[in-house]
Amino acid sequence: MPIIRSLWHRTSSWLRLGGVRAPAAAAGLALAFGVAAPASSADPLVSTSPSAVGVGFNGNGELGDGTTISSDVAVRVTAPDAVTAVAAGGYHSLGLLNTGKVMSWGYNGYGELGDGTTANSEVPVEVPGLNGVTAISAGEFHSLALLGAGTVMAWGANNDGQLGDGTTSNSDTPVEVRGLTGVAAVSAGGCGSFPEGHSLALLTTGRVMAWGGNQYGQLGNGTTSGSDVPVEVPGLREVVAVSAGEFFSLALLKNGRVMAWGRNNLGQLGGGTTSPAIDVPVEVTELAGVTAISAGGCGSSSEGHSLALLSNGAVMAWGYNGSGELGNGTTANSDVPVKVRGLAGVTAVSAGTSHSVALRQNGTVAAWGANYSGQLGDGSTTRSDIPVAMTELSGVTAISAGGFHTLAVLSPPTTSPAPPLPPAPILPPPVPVPPPPTGGTQPNVIIGVNDGSGWGPLDARRFLEGGFTSERLEAGGSHPTIAESTAIGWSDDTVIVGNTPDGQQLGAVNVPEWTARTLAQVEEQAAHGVSLFVVGN
């Protein structure tokens, strides 16, 4: 099939992978490219139902926006609304709709779009024959779908048997993985120009099945022989999540610990060694309290890195770090987990070829690592060894990091326009204020009504200083000298009384109970729009 190139403004280096064109993963390489316009009021990244967006490399239509123009800010995937999950592969993308159907877009040289052709698509196309899908996963050049019945469908490249149908023939339409039932989760991995690939399935029993390429022991069954049908990974029990990386695999146990197996030349298994390969599961060291995992990596040097989300919202990473994909402020590889800097409140993680993505609890996204295609979504093509925020992106509910692009699901707005205010009620006439209590040993109280002369808190202080007399008040009468420690004031609809010498508006506080009873009557007047004040000594 013809090779689809990105619309680069200058000549760039390329790495040929299975007939697809991809930008060469040279550290620090910043490629000039056509950048799609960010969202505006005319092209919002919002809808009335969940929708998908993409950012990064788009030379094969991976972003699904109808173009092959790469973008360093998120653009809307032209998929039907109600996308509930996304999966970013090496050079293709998948979207799961709330109807249980699957859409696909991007590169299709091996039939990984599943639409019965090998033609690329810049817009989402439906994968025919799939219904009741509950989960999806995209590998380098193949795709998986988990059905509600607990069975698995696969399509795309199959030279390593990664489709699990008992053959090594590619398929451009979904085929059923042989002998699998009671599946709870799936993950597609792999890398290479042949192309290599392997697949994982987590069963409801907590056991793990694997199939496909096994040259580095990524099937975890103690051999390096591939299998075109699922085989059990021995020794694994109570597994709650799986993730297939480049040539290695991860499994999360119920107790919060992580097991890893496969290629380990760069420490991607996290066991404190760089043994070339380990064909049985080994525990990742210095790691506990894990709630989610993700395995990534691919490249000419067989790069690979891993991510783990902790129960406290922090993220750990290990393996290859040449582009800063570990997010710890360095580009040094690590064969043990290191903490990703500056991340908290994370709810999901995803490892791509050479970049990493994290979803925060507040619906924003952070990314780090390689960025030569704009896959970090920060409006630049500059790589980062610490997390940076994806710009103009919020309300995100799901993420997926692919080869050189990133996908996300946005939730619809949860707020609706405020209803119109009802008409103002007709107020009753003011209720006359009874005279203040007198007699006994209680101090006199003066209740006054604003007579239109504009009295305010400043005038009240002047009154205390002798600038006004009781004759200016509607309810006058004789009274003793008002103590300087008494303060008065009011707002448009509130009576304010206090005992501070500076006239500070404190509200009806520090007032004897008998005054409070009078204030209740005065405040009733205030509720009808009459400005009132009370003075006590």
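What counts as what
- Residues numbered from 1 in each chain as written.
- Predicted model: local features only at pLDDT ≥ 70, side-chain atom pairs only at ≥ 80, totals over all residues.
- Heavy atoms only, no water.
- Helix = DSSP H or I, 4+ residues; strand = E, 2+ residues; numbered from the N terminus.
- Buried < 20%, exposed > 50% of the residue type's maximum accessible area, 1.4 Å probe, protein only.
- Contact = heavy atoms within 4.5 Å.
- Pairing = 2+ DSSP bridges.
- Axes fitted to C-alpha atoms, helices over the stretch in contact; angles between N-to-C directions.
- Core = buried A, V, L, I, M, F, W, Y, C linked by side-chain atoms within 4.5 Å.
- Disulfide = S-S within 2.5 Å.
- Salt bridge = Lys/Arg side-chain N within 4 Å of Asp/Glu carboxyl O.
- Phe/Tyr/Trp six-rings, centres within 6.5 Å; stacked < 30°, edge-to-face > 60°.
- Polar contact = N/O pair within 3.5 Å; in protein donor to acceptor, adjacent residues only side chain to side chain.
- Lys, Arg positive; Asp, Glu negative; His and termini not counted.
- pLDDT = per-residue confidence, 0-100.

(A) Examining the overall build of the protein more closely. Tallying secondary structure elements over the protein gives two helices and 34 strands in all. Out of the 537 residues belonging to the protein, those deemed buried represent 55%. At a minimum sequence separation of 6, the contacts of the protein that also span at least 24 residues come to 53%.

(B) Examining unusual backbone geometry more closely. Unusually for a residue other than glycine, E286 sits at a positive phi of about 55°. The topology assignment puts E286 in the loop between β20 (277–283) and β21 (290–295). Of note, the phi angle at E392 is positive, near 55°, even though the residue is not glycine. By the element assignment, E392 lies in the loop between β28 (384–389) and β29 (396–401).

(C) A look at the sheet that holds strand β17 (residues 239–244). Read from one edge of the open sheet, four strands run β17-β18-β19-β20, paired in antiparallel fashion. Looking at strand neighbours, the two that pair on one side only are β17 and β20, the edges of this open sheet. Across this sheet, the average inter-strand angle for adjacent strands is 10°, counted without regard to direction. For strand β18 (residues 248–253) and strand β19 (residues 258–263), the ladder comprises five bridges, and the chain directions are antiparallel. Residue pairing for β19: F248 is matched across the bridge by G262.

(D) View of the nonpolar core. Grouped together as the largest cluster of nonpolar side chains are 17 residues, with contacts concentrated most on L250, V258, L287 and V290. Elements with a contribution of two residues or more to this core: β18, β19, β21, β22 (305–310) and β23 (315–319). The residues contacting L287, other than those within four sequence positions of it, are R257, V258, A308, L310, M316, W318 and P337. Of all hydrophobic cores here, the second largest spans 15 residues; its members include V55, A74, A367 and L410.

(E) Spotlight on the sheet that holds β21. The sheet built from four strands is open, its strands ordered β21-β22-β23-β24 with antiparallel pairing. Two strands bound the open sheet, and with one partner strand each, they are β21 and β24 (334–339). Each strand axis lies, on average, 20° off the axis of its neighbour in the sheet, ignoring direction. Pairing analysis gives five bridges linking β21 to β22, with the strands arranged antiparallel.

(F) Main features of the state of the cysteines. Under the criterion given, the structure shown has one disulfide. Here C191 engages in a disulfide with C298; their sulfurs sit 1.5 Å apart. Residues C191 and C298 are joined through a disulfide that is right-handed, its torsion about the S-S bond being 65°. Here the residue C191 occupies a position in the loop between β13 (183–188) and β14 (198–203), and C298 occupies one in the loop between β21 and β22, the gap between them amounting to 107 residues. C191 sits in the buried class, given a relative accessible area of 3%. With a relative accessible area of 7%, C298 lands in the buried category.

(G) The pattern of salt bridges, seen in detail. Within the structure shown, the criterion is met by four salt bridges. Close ionic contact of E126 with K101 constitutes a salt bridge, the shortest N to O distance being 3.5 Å. Here E126, found in strand β8 (residues 121–126), pairs with K101, found in the loop between β6 (92–97) and β7 (102–106); they are 25 residues apart in sequence, far enough to count as distant. In this structure E126 comes out as partly exposed when scored by relative accessible area, which is 37%.

(H) Highlighting the packing of aromatic side chains. This structure, assessed with the given rule, holds eight aromatic pairs. Taken together, the aromatic side chains of F57, Y91, Y107, Y110, F141, Y372 and F404 make up a single cluster linked through ring pairs.

(I) Looking closely at the environment of R178. Tracing the sequence through the fold places R178 in the loop between β12 (171–176) and β13. R178 sits 12 residues away from G166 along the chain, and the two C-alpha atoms are 7.0 Å apart.

(J) Region of the structure containing the side chain of S143. Here S143 lies in strand β10 (residues 142–147). Using a relative accessible area of 0% as the deciding quantity, one classes S143 as buried. A polar contact is formed between the side chain of S143 and the side chain of H92, at a distance of 2.9 Å. With near-sequence residues (within four places) excluded, S143 lies in contact with H92, L94, E112, S137, M153, A154 and W155.

(K) Quick peek at the side chain of D165. The topology assignment puts D165 in the loop between β11 (152–156) and β12. For D165, which is buried and forms no salt bridge, the nearest opposite charge comes from R178, at a distance of 7.4 Å. Excluding residues within four positions of it along the chain, D165 makes contact with N158, V175, E176, R178 and D228.

(L) Layout of the environment of V75. Take V75: it is sitting in strand β4 (residues 71–76). Through-space distance from the C-alpha of V75 to that of G56 is 9.5 Å; in sequence the pair is 19 residues apart.

(M) Main features of the environment of R237. Looking at the secondary structure, you find R237 in the loop between β16 (227–232) and β17. Between the C-alpha atom of R237 and that of R207, which follows or precedes it by 30 residues, the distance is 5.4 Å. The residues touching R237, leaving out its near neighbours within four places in the chain, are G206, R207, E232 and L253.

(N) Local environment of the confidence of the model for the protein. Overall, the prediction assigns the protein a mean pLDDT of 78, with 67% of residues at 70 or greater. Note on residues 1–44: pLDDT under 50 across the span, and 112 contacts to partners over four residues away in sequence or across chains.

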